[in-house]
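# Working through the structure, step by step
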Amino acid sequence: MKLDTSPIAAIATAPGRGGIGVVRASGKDLSALAAALFPGTKLTPRHATYVPFKDAAGTVIDEGLALYFKAPHSYTGEDVLELQGHGGPVVLRMLLARVLEAGRDLDLRLAEPGEFTRRAFLNDKLDLAQAEAVADLIDASTEAAAKSASQSLSGAFSKVVHELVEKTINLRMLVEATLDFPEEEIDFLEKSNARGQLKGIVDALEAVFRQAAQGALLREGLNVVLVGQPNVGKSSLLNALAGSDVAIVTPIAGTTRDKVSETIQVEGIPLNIVDTAGIRAIDEGIDVVERIGIERTWGEVGKADVILHLLDASLGPAKADEEIVAAFPAGVPVVRIWNKIDLSGHQPSVDPGADAVNIYLSAHEKIGIDLLRAELLRIAGWQQTGESLYLARERHLVALRQAREHLRYAAEHAAQDDQSLDLFAEELRLAQDQLSSITGQFTPDDLLGVIFSRFCIGK
Ligand SMILES: Nc1nc2c(c(=O)[nH]1)N(C=O)[C@@H](CNc1ccc(C(=O)N[C@@H](CCC(=O)O)C(=O)O)cc1)CN2
Ligand SMILES: Nc1nc2c(ncn2[C@@H]2O[C@H](COP(=O)(O)OP(=O)(O)OP(=O)(O)O)[C@@H](O)[C@H]2O)c(=O)[nH]1
Ligand SMILES: [K+]
């Protein structure tokens, strides 16, 4: 990625009204910009100075705090200048325009999404996993996710990955030193306990992978879709799980014509629950709107990680349910929920069936909802281990999996009689590259582009 050091500026706070709002600029040397904006005022680095923010004609736009960070002691590692004004969208736009105008001679331009953080990465203020954690912290939808992102931002995830890289490098160096003395290869694995060292790395990697995979759940959550005949209580169940009335509940069959989705959290795991239009058998005289709703339902089912198939326990399954079950995609776990047990007289319970787990509950009476929550956590693979979690991204999990794969090959080479040390060393190198890609030591430019373009502007 080319290192563009031309100065940039953007509104750093969220769009909309707020108590305060910040316009931030970053560049190699912003002393001229500071002088143009605040003539006659000397800004002391890292000290807030209360100043008027004036337009080019000298008219005051706002009054606020100016904050100057001298390179390299800043977020980006460059000079950073902040104008902390009042948080109105119009004021902030005017302040940004003024900053861009005052910096015209410096070629100051509007920052691209994520460009401040990209510079922090390129200037070694953050590694890639930490930079990603910045975006994940901002996007966190639950406290548990925010905690894990913050954990990664502080460098805890990077540190354990780095330790794996170091151990891999050490073993590699040992092996490569031996490659020059082929007559000693045979004894090498014994003497250096290379197999034991490799096992140590694999075990450590497994632990990191587990913490990262659990953390990824906090980030990604599960897509849960509710399907069933009209009036079985899908909307009521969504409300019971969500704890508020997000879906329309009425006794009229076919009330929910379009999908309603709600993200709730169970033990910090975001569950994106989609309530769908009730499915009726095609010959039951449905209108066009309802048919479109049903088609959308199948669209949602296609994206689901878990399908909740609702039935009315007091009525039992109907013809439409056969059609529903027949249309389920293979491989997606299904929970069959028998609702309205207050009418049917069933006890709240879980019954592991042959093809799907059966749960008996009442959405309306809020009986047995915890059984469903626990089942969703089980399907998600959530384990309460008490160990700290890293809010990993899919990219990190892929790299960890591939590193594990290479270490497995390395172990196979070490186990063979004609111990092929060069192949052993090569697999270690490949594992090392995978691990290094997590923190960004070996990351292609186009991937960096993708990662940072998903940030918001001003970050
Ligand atoms: N006003 C304001 N608040 C903010 C930010 C910001 O840019 N501006 N941040 C932006 O995301 C976050 C804080 N991140 C920051 C990270 C490093 C430095 C910094 O000045 N680092 C220097 C000095 C460190 C030190 O004094 O120990 C350095 O790394 O050399 C500043 C903010 C959240 N809050
Ligand atoms: N007795 C009883 N009634 C319930 C229960 N759950 C839902 N109901 C009632 O069943 C009716 C239909 O509930 P909804 O949640 O709107 O059903 P739906 O499946 O979303 O319906 P559609 O929008 O037509 O697909 C309402 O009158 C609910 O109050 C329950 O556990 N017990
Ligand atoms: K309904």
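Predicted, not measured: the structure shown is a model, and the values here were computed from it.

Burial within strand 2 (residues 18-27) is extensive, with seven of its ten residues counted as buried. Of the strand pairs in this sheet, strand 1 (residues 8-11) and strand 2 are connected by four bridges, and their pairing is antiparallel. Opposite Ile11, over in strand 2, you have Val23 as the bridge partner. What sits between the antiparallel neighbours strand 1 and strand 2 is a turn of six residues, in which Gly16 has the positive phi angle 110°. Note that strand 2 and strand 5 (residues 79-87) share nine bridges and pair antiparallel. Note that in strand 5 the partner of Gly18 across the bridge is Gly87.

Turning our attention to the site of ligand 1. The environment of ligand 1 is made up of Arg24, Arg46, Phe69, Pro72, His73, Ser74, Tyr75, Glu82, Gln84, Lys125 and Lys459. Between Gln84 and ligand 1, the recorded distance is 3.3 Å, taken from a side-chain N or O atom to a nitrogen atom. Relative to its unbound accessible area of 680 Å², ligand 1 is 50% covered by the protein chains. Split into classes, the residues belonging to the shell around ligand 1 amount to three nonpolar, three polar and five charged.

Moving on: the packing of helix 4 (residues 128-139) against helix 16 (residues 445-453). Axis separation between helix 4 and helix 16 bottoms out at 10 Å; the angle between their running directions is 25°. Taken together, the axes of helix 4 and helix 16 are roughly parallel relative to one another. Counting all contacts with helix 4, which are made through Leu128, Ala131 and Glu132, the residues of helix 16 involved are Leu448, Ile451 and Phe452. For the contact of helix 4 with helix 16, a count of residues per class yields five nonpolar, no polar and one charged.

This brings us to the nonpolar core. Residues Val224, Leu237, Leu271, Ile273, Leu308, Ile337 and Leu372 are the most contacted members of the largest nonpolar core, which totals 34 residues. Tallying contributions element by element places helix 13 (residues 369-380) first for this core, with five residues. Formed by 33 residues, the second largest nonpolar core is a distinct cluster that contains Val160, Val208, Ala392 and Leu435.

Across the sheet, six strands lie side by side as 3-4-5-2-1-6; this open sheet has mixed pairing. Whereas interior strands pair on both sides, the edge strands pair on one side only; in this sheet they are strand 3 (49-54) and strand 6 (109-110). Both strand 1 and strand 6 contribute to a ladder of two bridges, which runs parallel. Each bridged residue has a counterpart across the sheet, and for Ile8 the counterpart in strand 6 is Arg109. Across the sheet, helix 2 (residues 89-102) touches strand 1, strand 2, strand 3, strand 4 (60-69), strand 5 and strand 6, and the angle it forms with strand 1 is around 170°.

A few words on the UniProt feature "binding site: (6S)-5-formyl-5,6,7,8-tetrahydrofolate" (unreviewed entry) in the chain. Feature annotation in UniProt assigns "binding site: (6S)-5-formyl-5,6,7,8-tetrahydrofolate" (unreviewed entry) to the following positions: Arg24, Glu82, Lys125 and Lys459. Its location among the elements puts Lys125 in the loop between helix 3 (115-122) and helix 4. Judged by relative accessible area, which is 36%, Lys125 ranks as partly exposed. Sequence-distant contacts of Lys125, that is, excluding residues within four places in its chain, are made with Pro72, His73, Ser74, Tyr75, Thr76, Gly77 and Ala120. Take Lys459: it is sitting in the segment after helix 16. Beyond its immediate stretch of four places on either side in the chain, Lys459 contacts Arg24, Tyr75, Gly114, Glu115, Phe116, Thr117, Val134 and Ile138.

Pairing within the open sheet is mixed, and its seven strands lie in the order 8-9-7-10-11-13-12. At either end of the open sheet lies a strand with only one pairing partner, and these are strand 8 (260-266) and strand 12 (349-352). Geometrically, the sheet is characterised by an average inter-axis angle of 25° between neighbouring strands, direction not taken into account. Both strand 7 (residues 222-228) and strand 9 (residues 269-275) contribute to a ladder of five bridges, which runs parallel. Directly across from Val224, in strand 9, lies its bridge partner Ile273. Against the sheet, helix 11 (residues 319-326) engages strand 7 and strand 10 (306-312), with an angle of about 170° to strand 10.

The final tally for this structure, using the stated rule, is 25 salt bridges. We note a salt bridge from Arg119 to Glu78, for which the minimum N-O separation is 3.0 Å. Here Glu78 lies in the loop between strand 4 and strand 5 and Arg119 lies in helix 3, a separation of 41 residues in the sequence. Given the relative accessible area of 4%, Arg119 is considered buried. The class for Glu78 is buried, based on a relative accessible area of 6%. The salt bridge involving Glu426 is made with Arg429; its shortest N-O contact spans 2.9 Å. Residue Glu426 and its partner Arg429 are both found in helix 15 (residues 421-439); the two are separated by three residues, about one turn of the helix. On the basis of relative accessibility, which here comes to 33%, the residue Glu426 falls in the partly exposed class. For Arg429, a relative accessible area of 28% gives the class partly exposed.

Remark: a regular strand shows side chains that alternate across the two faces of the sheet. Across the two faces of strand 13 (residues 357-360) the burial is the same, with Val357 and Ile359 and Asn358 and Tyr360 all buried. Inspection of the sheet shows strand 11 (residues 334-339) paired to strand 13 by four bridges, in the parallel sense. Each residue of the ladder has a partner; that of Val335, found in strand 13, is Val357. Where strand 12 lies against strand 13, four bridges are found, and the strand directions are antiparallel. Bridge assignment links Asp351 to a residue of strand 13, and that residue is Asn358. The loop that links strand 12 with its antiparallel partner strand 13 comprises four residues.

Turning our attention to helix 4. Think of an α-helix as 3.6 residues a turn; residues three or four steps apart then line up on the same face. Given a rise of 1.5 Å per residue, twelve residues ought to cover 16 Å, and the 17 Å separating the end C-alpha atoms of helix 4 matches this to within 8%. The set of residues buried in helix 4 consists of Leu128, Ala129, Gln130, Ala131, Glu132, Ala133, Val134, Ala135 and Asp136. The N-terminus of helix 4 is capped by Asp127, whose side-chain oxygen sits 3.0 Å from the backbone nitrogen of Ala129.

The rules behind the values
Residues numbered from 1 in each chain as written. Chains lettered and ligands numbered in written order. Predicted model: local features only at pLDDT ≥ 70, side-chain atom pairs only at ≥ 80, totals over all residues. Heavy atoms only, no water. Buried < 20%, exposed > 50% of the residue type's maximum accessible area, 1.4 Å probe, protein only. Helix = DSSP H or I, 4+ residues; strand = E, 2+ residues; numbered from the N terminus. Pairing = 2+ DSSP bridges. Near = heavy atom within 4 Å. Polar contact = N/O pair within 3.5 Å; in protein donor to acceptor, adjacent residues only side chain to side chain. Areas by Shrake-Rupley, 256 points an atom, 1.4 Å probe, with all protein chains shown as cover. Nonpolar A, V, L, I, M, F, W, Y, C, P; charged D, E, K, R; others polar. Axes fitted to C-alpha atoms, helices over the stretch in contact; angles between N-to-C directions. Parallel < 35°, antiparallel > 145°, perpendicular 65-115°, else oblique. Contact = heavy atoms within 4.5 Å. Core = buried A, V, L, I, M, F, W, Y, C linked by side-chain atoms within 4.5 Å. UniProt positions renumbered as here; feature names shortened; annotations may be inferred. Salt bridge = Lys/Arg side-chain N within 4 Å of Asp/Glu carboxyl O. Expected span 1.5 Å × (residues − 1).

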